[in-house]
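Here's the letter readout for the chains.
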Amino acid sequence: LSELKTSLQSWKDLEEQEATLTEILTNFQKEEKQVLRKLEDLQHKIPANFPTPEAWLDNQRKTIRQIEDSREQLMKNLGLNAHTHPLESEKQEVQLREKEQELKSAKEESEKILLIIQQRKEEQLHLENHQNNIKVRSREIAQVRQKLETLKSSLEKHAIQTISELKSRIEGLAASSQARE
C-alpha cells in the first residue's frame with residue numbers, strides 16, 4: 001500500500017513538473033518568435049544594397065569623410081576668395097552651410113546605423129539565450145517523461161495503467177485494510 005501511495009505521489013509530481021516545464025518551454029518559444037520578428041524588423045531597416053549594417057556603416061563613414069574633405073576645400077577657397085571675390089565668397093558661404101548641414105545629417109545617419117547594430121547584437125544575444133533555454137527545457141521535459149514512463153512500467157506488474165486505476169487500487173487496499181482492523 002505504501003509503495004502504491006509513493007508511486008501515486010511520484011506520478012502527480014512528475015505530471016506537475018512536466019506541465020510546469022511545458023509552460024516555461026512554451027513561453028520561451030513565444031519569446032523566441034518575438035525576438036525573430038524584432039531581428040527581421042531590424043533587417044528591413046538596412047538598405048537592400050548592403051548585406052549587413054556594418055557594411056552600411058562603412059559606407060556611411062566613407063560618405064562622411066568625403067563630405068568633410070569637400071567642406072575643408074570650401075573653407076580653403078572661402079579664405080582665399082574672401083578679399084578678392086566678395087560675391088564668390090557669399091556663394092561659397094552658402095555652400096559651406098549646406099555642406100555643414102549635409103555633414104550633420106550624415107553623422108545622424110551614422111548614429112542611427114550604430115543604434116541598429118547595437119539593437120541587432122542585443123536581439124541576437126536574446127535569441128541565443130532563448131534557443132539555449134528551449135534546448136535545456138526540452139531535455140528536462142524528456143527526462144521527466146522518461147521517469148513517468150519508468151514509473152508506469154513498474155506499475156504494470158500490478159495491472160495499473162492510469163492514475164485513476166492507481167487511485168482506485170489504493171482506495172481498495174485501504175478499505176480492505178480498515179475492514180481487517
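For the structure, see preceding data.
Values in this document were obtained by computation on a predicted structure and should not be read as measured data. (Residues numbered from 1 in each chain as written. Predicted model: local features only at pLDDT ≥ 70, side-chain atom pairs only at ≥ 80, totals over all residues. Heavy atoms only, no water.)

Visitor: How would you summarise unusual backbone geometry if you had to cite specific residues and measurements?
Guide: Phi is positive for Ala 159, which is not a glycine, with a value near 60 degrees. Mapped onto the secondary structure, Ala 159 falls in the loop between helix H3 (86-155) and helix H4 (163-180). Overall, Ala 159 belongs to the exposed group, its relative accessible area being 55%. (Helix = DSSP H or I, 4+ residues; strand = E, 2+ residues; numbered from the N terminus. Buried < 20%, exposed > 50% of the residue type's maximum accessible area, 1.4 Å probe, protein only.)

Visitor: Describe the nonpolar core, naming the residues involved and giving the relevant values.
Guide: One finds Leu 4, Trp 11, Leu 151, Leu 155 and Leu 166 to be the most contacted residues of the largest nonpolar core, which totals 16 residues. For this core, the elements supplying multiple residues, two or more each, are helix H1 (2-44), H3 and H4. Among the elements that make up this core, the one with the highest residue count is H1 (seven residues). With sequence-adjacent residues up to four places away left out, Leu 4 is seen in contact with Leu 155, His 158, Ile 160, Leu 166, Arg 169, Ile 170 and Leu 173. Leu 42, Ile 46, Trp 56 and Ile 117 belong to the second-largest nonpolar core, a separate cluster that totals eight residues. (Core = buried A, V, L, I, M, F, W, Y, C linked by side-chain atoms within 4.5 Å. Contact = heavy atoms within 4.5 Å.)

Visitor: Report on the pattern of salt bridges, specifying residues and quantitative values.
Guide: If you walk through the whole model with that rule in mind, you get nine salt bridges. Between Arg 120 and Glu 54 there is a salt bridge, with its nearest N and O atoms 3.8 Å apart. Of the two residues, Arg 120 sits in helix H3 while Glu 54 sits in helix H2 (residues 53-81), which places them 66 residues apart along the sequence. Judged by relative accessible area, Glu 54 falls into the partly exposed class, the value being 34%. Close ionic contact of Glu 68 with Lys 107 constitutes a salt bridge, the shortest N to O distance being 3.9 Å. Of this pair, Glu 68 sits in helix H2 while Lys 107 sits in helix H3, placing them 39 residues apart in sequence. Accessibility expressed as a relative area gives 24% for Glu 68, which makes it partly exposed. (Salt bridge = Lys/Arg side-chain N within 4 Å of Asp/Glu carboxyl O.)

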